[in-house]
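A structural walkthrough
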Amino acid sequence: MTDATPNLALPFIMPQQAQKHVTHNEALNALDALVQPAAASRTLAAPPDDPAPGARYIVAAPAAGAWSGREDRLAHFVDGAWAFHEPGPGWLAYVDDEQALLRYRPGEGWTAAVETARAPRFGVNTDADATNRLAVKSDAVLLSHDDVTPGSGDIRAVLNRQAQAGTASLVFQTGWSGRAEMGTAGSDDFVVKVSADGVTWREALTVEAGTGRIAFPSGGVREKLTAPRSYHVAPAGDDANDGRTPATPFATLQKAVDVVYGTLDLGGFDITIQLASGAYAGFEVLDPQVGAGRIVLRGDTDTPDNCTIRDNPGSSAVIDVQNAGTKIALEGLHVTRTTTTNLVRALAGARIELATRNKMSGAGRTHTIMASVNAYVEVKGTLVVADQCYTLLMASRNGYLTIEGASIDLTASPNVGIFALASIGGIVFAYANTFNGAALGGYRHVVQTNAIVHTNGGGASYFPNDNAGTTQSGGVFA
């Protein structure tokens, strides 16, 4: 028979033992130390100067004085002396100055009993799983700076992904279906996107990582420019691109003008929409320009045939610019048609400028260049004209079309029904132009219904065509 219990080493009262009360009291003192053990501290390596009766400590290393050689043991001050209890595997003790529950492991000593930092899963009021290894079900979650340790007074939450192609984001759901998400996904740009059904997502805001520029892909708030900007369009592009570089062009002109007129405040800076060589469908602009600055649609100013704009389904003009405040300059473009009636139209207060070198073609067109309903068109630079049309220059309903100091290339001898037509208060003003070649088969000018064609004294034969011009119903030619 052994003389002590196997777990706590409490002494047995042996047969025929004298002074049994001594052994009994020793066992009670051990129980007093080991049952619900709570040590005052585990940072002392030597006994305190004036310990209270029953005081308990976990001896720190390197132990000294009366505690020498007793590292990691539970020291219990009883009857004016120190008793020591050697811990076994799995023993638990509460340390008061740390307010922590510790566990003893041979070879490791006393360590935190609840190792939350190493827990593979943790659930609060719900079950964690292999995907959601931290799960919390609560009406509210509070994260606060550390004012106990104390900390720095700051608080910062970090979402870290492995690589740029991954995702680091916060998702907001309704009934477990996504409705909003913000973060980085597939790039370093910060994106906020929303969904009405959890399936189709729309980007509301993008912040470019490299520049800090903010874009609003779905419209709404306008970005105000702080420098001139270029957008690029190419037949092999994609309207899902940002259009900001030749490597990320839009595919259509309509997308480019929608971005420029629908999402930007020019802020006094110019915008260039640069076309790569190729063929494009036409476009319409209905929204006014916001902010001062010039918007230029530029193709190839040396060879406009390299950038052809043909037809515009759903509109009567290949390039159709409408409404007051809507302005655009056209440079280096070949505008033509197969099915669309007219080529270039400014309507209802809009303004169009044709500059540098442009070409107009497409047999069977009605009006080539027109300004109607208080709109304004200015033609300058070189204008190449080919194929048959009803009118070349047309201003109606108080529209104003000016062609001044331009070079008109008619070497293709186009058949033009009316070179300059003005009606219903419209004005065509032509001055100091050069005509190379001549139009065939039509009138030099027709002026109707209180309209004006003014050549600044150029004379009745100013516009090169076969037939003399006419004036009707109060029209004036000068």
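In what follows, the structure referred to is the one given above.
Figured I'd write up the structure that's included with this text. (Residues numbered from 1 in each chain as written. Predicted model: local features only at pLDDT ≥ 70, side-chain atom pairs only at ≥ 80, totals over all residues. Heavy atoms only, no water.)

**So, the overall build of the chain**
Scanning the chain from terminus to terminus reveals two helices and 41 strands. Against the compact-globule benchmark of 23 Å for 478 residues, the chain has a radius of gyration of 44 Å, which places it well outside the compact range. Across its three principal directions, the C-alpha atoms of the chain cover 150 × 40 × 35 Å. Restricting to contacts in the chain with at least 6 residues of sequence separation, those with at least 24 account for 58%. (Helix = DSSP H or I, 4+ residues; strand = E, 2+ residues; numbered from the N terminus. Rg over C-alpha atoms; globule rule 2.2 N^0.38 Å. Contact = heavy atoms within 4.5 Å.)

**Remarks on the environment of phenylalanine 283**
Take phenylalanine 283: it is sitting in strand β20 (residues 283-285). Taking the relative accessible area as the measure of exposure, phenylalanine 283 reaches 0% and is therefore buried. Non-local contacts of phenylalanine 283, meaning those with residues more than four positions away in its chain, are made with Leu253, Gln254, Val257, Leu297, Asn312, Val318, Ile319, Asp320 and Ile328. (Buried < 20%, exposed > 50% of the residue type's maximum accessible area, 1.4 Å probe, protein only.)

**Digging into the packing of aromatic side chains**
The full count for this structure, using the stated rule, is 13 aromatic pairs. Taking the centre distance of 5.8 Å and the plane angle of 45° together, the rings of tyrosine 57 and tryptophan 67 count as tilted. In this pair, tyrosine 57 is assigned in strand β2 (residues 56-58) and tryptophan 67 in the loop between β2 and β3 (74-78), connecting sequence segments ten residues apart. Each of the two residues, tyrosine 57 as well as tryptophan 67, counts as buried. With a centroid separation of 5.2 Å and an interplanar angle of 90°, the aromatic rings of tryptophan 67 and tryptophan 82 are classed as edge-to-face. (Phe/Tyr/Trp six-rings, centres within 6.5 Å; stacked < 30°, edge-to-face > 60°.)

**Structural notes on the pairing of strand β13 (residues 201-207)**
Both strand β12 (residues 190-195) and β13 contribute to a ladder of six bridges, which runs antiparallel. Within the sheet, the bridge partner assigned to valine 192 lies in β13 and is leucine 205. Adjacent in sequence and paired antiparallel, β12 and β13 are bridged by five residues, among which glycine 198 carries a positive phi angle near 80°. Here β13 runs beside strand β14 (residues 214-215); their pairing, made up of two bridges, is antiparallel. Following the sheet pairing, threonine 206 is matched in β14 by alanine 215. Connecting β13 to the antiparallel partner β14 that follows it, the hairpin turn spans six residues, and glycine 212 within it adopts a positive phi of roughly 80°. (Pairing = 2+ DSSP bridges.)

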